[in-house]
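Read off the chains here:
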Amino acid sequence: MDAKKAAAEKAVAKIQEGMIVGLGSGSTASQAIRALGARVREGLKIKAVATSLKSEYLALEYGIPVFDPGEFTSLDIDIDGADEVDEKGNLVKGGGGSLLREKVIAFASKRFFVVVDDSKLVQTLGRFALPVEVIPFAAQLTFHQLAALGCDAAFRKSEEGQNFVTDNGNYIIDCKFGPISDPAWLDVKIKMIPGVIETGLFSNKVVTAVFVGYPDGRVREISINP
């Protein structure tokens, strides 16, 4: 079994009747959406909130009812992937460009399940460039402020060679910091820069559990905040 699929199915099995569920973005989250769609076809009744337009379209395709997040004050479970996860449960997300919406939904959820394959586990964050979402106004100035923190920064580009634009109409600057020894402090420092909307750093304090899939079909559940 595909490692991502195995991890996603393990997390989706935690969803119960009547829950409000956050649907993440990216390849692993897509596996969770498909698995949840199968359960909905079998009769499971839930309400869902999507963190990206792609996830919303996929959920609707699989028969999952999707609602505006503004209709709820909290969610029961959010299931999402990650670009990398350290040993303490801190995450880097945003490779797909939906980090702002993903973080809003994760923090509004009673339980946040992260699904990854074993290649995403690292001892220290920083192998993957850190995505930072910025407003278009004076984005070049924000870029220079980010670079001054000591990272190798680059505007993310679309396939057409233009600045990548998020579902919120913002840009993403990918920042290579190298090893990130203190994710929480780096998150604070970056968000002190005017023009920055959000970073792809997710604190372990918001993560309930990490489901790690392996090529042989095994899934390891790492409890972070039970």
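One structure accompanies this document, and this report is about it. (Residues numbered from 1 in each chain as written. Predicted model: local features only at pLDDT ≥ 70, side-chain atom pairs only at ≥ 80, totals over all residues. Heavy atoms only, no water.)

## Let's talk about the overall build of the protein
Here is step 1: On a plain count of helices and strands, the protein comes out with six helices and 13 strands.
Here is step 2: For the protein, whose C-alpha radius of gyration is 17 Å, the value lies close to the compact-globule estimate of 17 Å for 226 residues.
Here is step 3: With respect to the principal axes defined by its C-alpha atoms, the protein has extents near 50 × 35 × 35 Å.
Here is step 4: Buried positions account for 52% of the 226 residues belonging to the protein. (Helix = DSSP H or I, 4+ residues; strand = E, 2+ residues; numbered from the N terminus. Rg over C-alpha atoms; globule rule 2.2 N^0.38 Å. Buried < 20%, exposed > 50% of the residue type's maximum accessible area, 1.4 Å probe, protein only.)

## What to know about the nonpolar core
Here is step 1: The biggest cluster of nonpolar side chains holds 25 residues, and the ones touching the most others in it are Ile15, Leu23, Leu36, Ile46, Ile64 and Ile79.
Here is step 2: At the level of elements, helix 1 (3-12), strand 1 (20-23), helix 2 (27-41), helix 3 (53-61), strand 3 (75-80), strand 6 (109-117) and strand 12 (209-213) are the ones that each hand at least two residues to this core.
Here is step 3: Among the elements that take part in this core, helix 2 stands out by supplying five residues, more than any other.
Here is step 4: With residues near it in sequence (within four places) discarded, Ile64 still touches Leu23, Ile33, Leu36, Gly37, Val40, Ile46, Ala48 and Ala59.
Here is step 5: Counting residues in hydrophobic clusters, the runner-up holds 21 residues, among them Val122, Leu125, Leu186 and Leu201. (Core = buried A, V, L, I, M, F, W, Y, C linked by side-chain atoms within 4.5 Å. Contact = heavy atoms within 4.5 Å.)

## Side note on helix 3
Here is step 1: Among the residues of helix 3, Ser55, Leu58 and Ala59 are the ones counted as buried. Each buried residue of helix 3 sits inside an arc of 100° when the element is viewed along its axis, so together they form one side. Along helix 3, exposed side chains directed more than 90 degrees from the buried face belong to Tyr57 and Glu61.
Here is step 2: Next to the buried residues of helix 3 lie strand 1, helix 2 and strand 2 (47-50). (Arc of directions from axis to C-beta.)

## Topic: the packing of helix 2 against helix 3
Here is step 1: Look at helix 2 against helix 3: their axes get within 9 Å of each other, and the N-to-C directions meet at 25°. Between helix 2 and helix 3, the angle is such that the two are roughly parallel. Note on packing geometry: the crossing formed by helix 2 with helix 3 is right-handed. Taking contact as the criterion, the partners of Ser30, Ile33 and Arg34 in helix 2 are, on helix 3, Ser55, Leu58 and Ala59.
Here is step 2: By residue class, the composition of the contact of helix 2 with helix 3 is three nonpolar, two polar and one charged. (Axes fitted to C-alpha atoms, helices over the stretch in contact; angles between N-to-C directions. Parallel < 35°, antiparallel > 145°, perpendicular 65-115°, else oblique. Left-handed = near helix turned anticlockwise from the far one by under 90°. Nonpolar A, V, L, I, M, F, W, Y, C, P; charged D, E, K, R; others polar.)

## Looking at the pattern of salt bridges
Here is step 1: Overall, the coordinates contain 10 salt bridges when judged by the stated rule.
Here is step 2: A salt bridge links Lys110 to Asp76; the shortest N-O distance between them is 3.6 Å. With Lys110 in strand 6 and Asp76 in strand 3, the pair connects residues that are 34 residues apart, well separated along the chain.
Here is step 3: We classify Lys110 as exposed; its relative accessible area is 58%.
Here is step 4: The salt bridge involving Lys103 is made with Asp187; its shortest N-O contact spans 3.8 Å. With Lys103 in helix 4 (residues 99-107) and Asp187 in helix 6 (residues 183-191), this pair connects stretches of sequence that are 84 residues apart. For the residue pair Lys103 and Asp187, the accessibility class agrees, reading buried in each case.
Here is step 5: Among the charged side chains, a network of salt bridges with common partners joins Lys103, Asp187, Lys191 and Glu198. (Salt bridge = Lys/Arg side-chain N within 4 Å of Asp/Glu carboxyl O.)

## A few points about the sheet that holds strand 7 (residues 130-134)
Here is step 1: Across the sheet, which stays open at both edges, the four strands sit in the order 8-9-7-10 with antiparallel pairing between neighbours. Each edge of the open sheet carries a strand with a single partner, namely strand 8 (152-155) and strand 10 (196-199). Averaged over all pairs of adjacent strands, the angle between their axes in this sheet comes to 25°, without regard to strand direction.
Here is step 2: Pairing geometry for strand 7 and strand 10, over three bridges, is antiparallel. Considered in strand 10, the bridge of Val132 is made with Thr199.
Here is step 3: Relative to the sheet, helix 6 contacts strand 7 and strand 10, its axis offset from that of strand 10 by approximately 165°. (Pairing = 2+ DSSP bridges.)

Honestly, it's all geometry; don't read function into it.
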